[in-house]
Amino acid sequence: MTSTTHKRFNTRAGRAFDVLNIVLLTAVGLLAILPFVYVLAGSFATELEITTRPFFLWPNEFTTASYESILSSDVIVRAFVTTIAVTFVGTMIQLALTVLMAYPLSKVDLPGRRTILSLVIFTMVFSAGMIPTFLVVKDLGLLDSYWALILPMAINPFSLIIIKNFFQQLPHELEESAKIDGANELQVLRHVVLPLSKPVLATFALFYAVGIWNDYLSPLLYLSDTGKWTLQMILRQVTAAASLSADELNSDVPPPAQGIKFAVVVIATIPVLLAYPFLQKHFAKGMLIGSVKG
């Protein structure tokens, strides 16, 4: 079968098909990366060049004025550190809660398992909505607190079901052997299940982290103290404003009106881009594994 397939794609038509695929996929890839290159180039360009050249991929005059303004700004640096902290803590909490709920639900003999799963699936179809969620956060006393950015999204139903299905596919003999050696359920989860679940956990840790990092609606709704704003709120304010003064940024360096918008976008994007290579090897496997069994 392999030799027949190789012969079929080694013909002139097969080679032409390969070349066409490479050309089309390369073109699509370039179109996808083009906006990022433009934003990166604009962040290093002068204000005059940004306003006079409608589109460019390399600045004629290289300058770091936008980044100097950002690095000297207490507002943006504080928002950046805050976002990193909220993303890290939120990802750990959300992943821990999801695992602690998915593991018992993976046991078919758990009392009330079907009822709990039905409630989980119900939340995937019918969400509470913005106003009821806001009222719950308010009544819990979480307004103007970083917990309001983490706890309302603590468990994602889709992630829960996929991780639960992954746990179900693990060999039961491993858990039984651990229990024979005297391990309890938490020890089985920690020493047997979690080490075997790195692909799926890494995948959904990335999903959780990206979701928290890119979230601007939650800070907009729940944080009234501008000193607690995350980077996405600063990015929203920067891109929505015609320009920002040095006083607004609490910076000693006068910011370029347009260049700083590009620079803030780059600063907000780079951490997520840096996270992908470390989790790439687990990403495809983690998405496919656990999605077969119900």
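Please read all numbers here as calculations on a predicted model, not as lab measurements.

**As for the overall build of the chain**
Consideration 1: A tally of regular secondary structure across the chain gives 15 helices and zero strands.
Consideration 2: Per-residue burial for the chain yields a buried fraction of 37% across its 294 residues.
Consideration 3: Taking the contacts inside the chain whose residues are at least 6 apart along the sequence as the reference set, 70% of them involve residues at least 24 apart.
Consideration 4: Entry remark: accessible area of the chain is about 17,400 Å², with carbon and sulfur atoms responsible for 69%.

**Comments concerning the UniProt feature "transmembrane region" (unreviewed entry) in the chain**
Consideration 1: UniProt tags residues 20-41, 75-103, 115-134, 146-167, 188-213 and 259-279 as "transmembrane region" (unreviewed entry).
Consideration 2: Spanning residues 115-134, this segment combines 80% helix with 0% strand, and its end C-alpha atoms are found 27 Å apart.
Consideration 3: Measuring from the first to the last C-alpha atom of residues 146-167 gives 31 Å, for a span that is 50% helix and 0% strand.

**Comments concerning the environment of L149**
Consideration 1: Here L149 shows up in the loop between α7 (130-139) and α8 (157-169).
Consideration 2: Judged by relative accessible area, L149 falls into the buried class, the value being 4%.
Consideration 3: Spatially, the C-alpha atom of L149 lies 7.8 Å from that of V86, the residues being 63 residues apart in sequence.
Consideration 4: Beyond its immediate chain neighbours, meaning those up to four positions away, L149 contacts V86, S218, P219, L223 and T230.

**Examining the nonpolar core**
Consideration 1: Formed by 31 residues in total, the largest nonpolar core has its most connected members in F56, I70, I76, I234 and V264.
Consideration 2: Those elements that place two or more of their residues in this core are α2 (12-43), α4 (65-71), α5 (74-105), α11 (198-214), α13 (231-240) and α15 (259-288).
Consideration 3: What V264 contacts, discounting residues up to four positions off in sequence, is I70, I76, L235 and V238.
Consideration 4: Residues Y103, I162, F167 and A178 belong to the second largest nonpolar core, which totals 24 residues.

**Re unusual backbone geometry**
Consideration 1: Of note, the phi angle at D144 is positive, near 60°, even though the residue is not glycine.
Consideration 2: Tracing the sequence through the fold places D144 in the loop between α7 and α8.

Cut-offs and rules
- Residues numbered from 1 in each chain as written.
- Predicted model: local features only at pLDDT ≥ 70, side-chain atom pairs only at ≥ 80, totals over all residues.
- Heavy atoms only, no water.
- Helix = DSSP H or I, 4+ residues; strand = E, 2+ residues; numbered from the N terminus.
- Buried < 20%, exposed > 50% of the residue type's maximum accessible area, 1.4 Å probe, protein only.
- Contact = heavy atoms within 4.5 Å.
- Areas by Shrake-Rupley, 256 points an atom, 1.4 Å probe, with all protein chains shown as cover.
- UniProt positions renumbered as here; feature names shortened; annotations may be inferred.
- Core = buried A, V, L, I, M, F, W, Y, C linked by side-chain atoms within 4.5 Å.

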